[in-house]
Amino acid sequence: MSRCRLKEWYNIVVRPDLMAKMQYKNTHAVPKLSALSVQVTTKQASYGLDNAVPAAFILDLVAGQTAALTRVKRANAMYKVRPGHLEGAKVTLHGEQMYHFLDRVVTQVLPRITDFNGLNPKSFDGNGNYALAIKDFSYFLEVEAQHSNLQHLNLQNSPDINVHRSEEHTSELQSLT
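Residues numbered from 1 in each chain as written. Predicted model: local features only at pLDDT ≥ 70, side-chain atom pairs only at ≥ 80, totals over all residues. Heavy atoms only, no water.

Asks: Report on the packing of aromatic side chains, specifying residues and quantitative values.
Replies: This structure, assessed with the given rule, holds 1 aromatic pair. Both rings, one in Phe101 and one in Phe140, keep their centres 6.1 Å apart while their planes meet at 20°; by these two values the pair is stacked. Taken together, the positions of Phe101 in helix α3 (residues 95–112) and Phe140 in the loop between β4 (129–131) and α4 (141–145) put the pair 39 residues apart, joining distant regions of the chain. Take Phe101 and Phe140: they sit in the same class, and that class is buried. (Phe/Tyr/Trp six-rings, centres within 6.5 Å; stacked < 30°, edge-to-face > 60°. Helix = DSSP H or I, 4+ residues; strand = E, 2+ residues; numbered from the N terminus. Buried < 20%, exposed > 50% of the residue type's maximum accessible area, 1.4 Å probe, protein only.)

Here is the structure:
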């Protein structure tokens, strides 16, 4: 893999700026991205393999890593699901793959979203985690190339960016990016 420009930008620009603003004494105390989790849930009927396999295929295309299938944990009569039914797929990215995926999301996917008003600062969960939902997979170039094979799917994408610091430091990190 090639060197990721987002990681280099973080190390050269963002980390020294955060050290100066927050007055950290050690470079390891600066908040950083630790993992990026991409989950896909289907809105189709939850029984059988017909709903989770296409979700895993799309995650393989987008993330470049084999997806793990997820199952329903609690029964819900309104959605006609029982515990153990397949509901989607997930991938957790670390290291260089995480930075490459995040770079693609920031530079290719977010600019293609119509009526994009920026990232919501209220999407933090209080533990430093940030959630971003992208409703349509067609914004990813890899999925657009496979459009004819994936037209019948009704999927929802929700990548979560997990960061290791308190909410105020994480929001400071987001404001610099």
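Asks: Got a sec to walk through the confidence of the model for the protein? Specific residues and values, please.
Replies: For the protein, per-residue confidence averages 77 on the pLDDT scale, and residues scoring 70 or more make up 76% of the total. The secondary-structure element of the protein with the lowest mean pLDDT is strand β5 (residues 155–163), recorded at 44, while helix α1 (residues 5–22) shows the highest, at 90. Considering only residues more than four positions removed or in separate chains, one finds that residues 155–167, a stretch of pLDDT under 50, has 70 contacts. (pLDDT = per-residue confidence, 0-100. Contact = heavy atoms within 4.5 Å.)

Asks: Tell me about α1, and name the residues and values.
Replies: Given a rise of 1.5 Å per residue, 18 residues ought to cover 26 Å, and the 24 Å separating the end C-alpha atoms of α1 matches this to within 8%. Taking the largest bend as the criterion, α1 deviates by roughly 35°, centred on Asn11. Three or more residues of α1 are buried, namely Leu6, Tyr10, Val14 and Leu18. At the exit of α1 stands Gln23, carrying a positive phi of roughly 60°. (Expected span 1.5 Å × (residues − 1). Bend = angle between axes of the 7 residues up to and from the residue.)

Asks: Can you break down the pattern of salt bridges residue by residue, with the values?
Replies: What the rule picks out here adds up to 3 salt bridges. In this structure, the salt-bridge partner of Asp103 is Arg5, at a minimum N-O distance of 3.0 Å. Pair noted here: Asp103 is in helix α3 and Arg5 is in helix α1, with a separation of 98 residues, a long-range link. Note that Glu142 is salt-bridged to Arg104, the shortest N-O span being 3.2 Å. Note that Glu142 is positioned in helix α4 and Arg104 in helix α3, a separation of 38 residues in sequence. Since its relative accessible area comes to 24%, Glu142 is described here as partly exposed. (Salt bridge = Lys/Arg side-chain N within 4 Å of Asp/Glu carboxyl O.)

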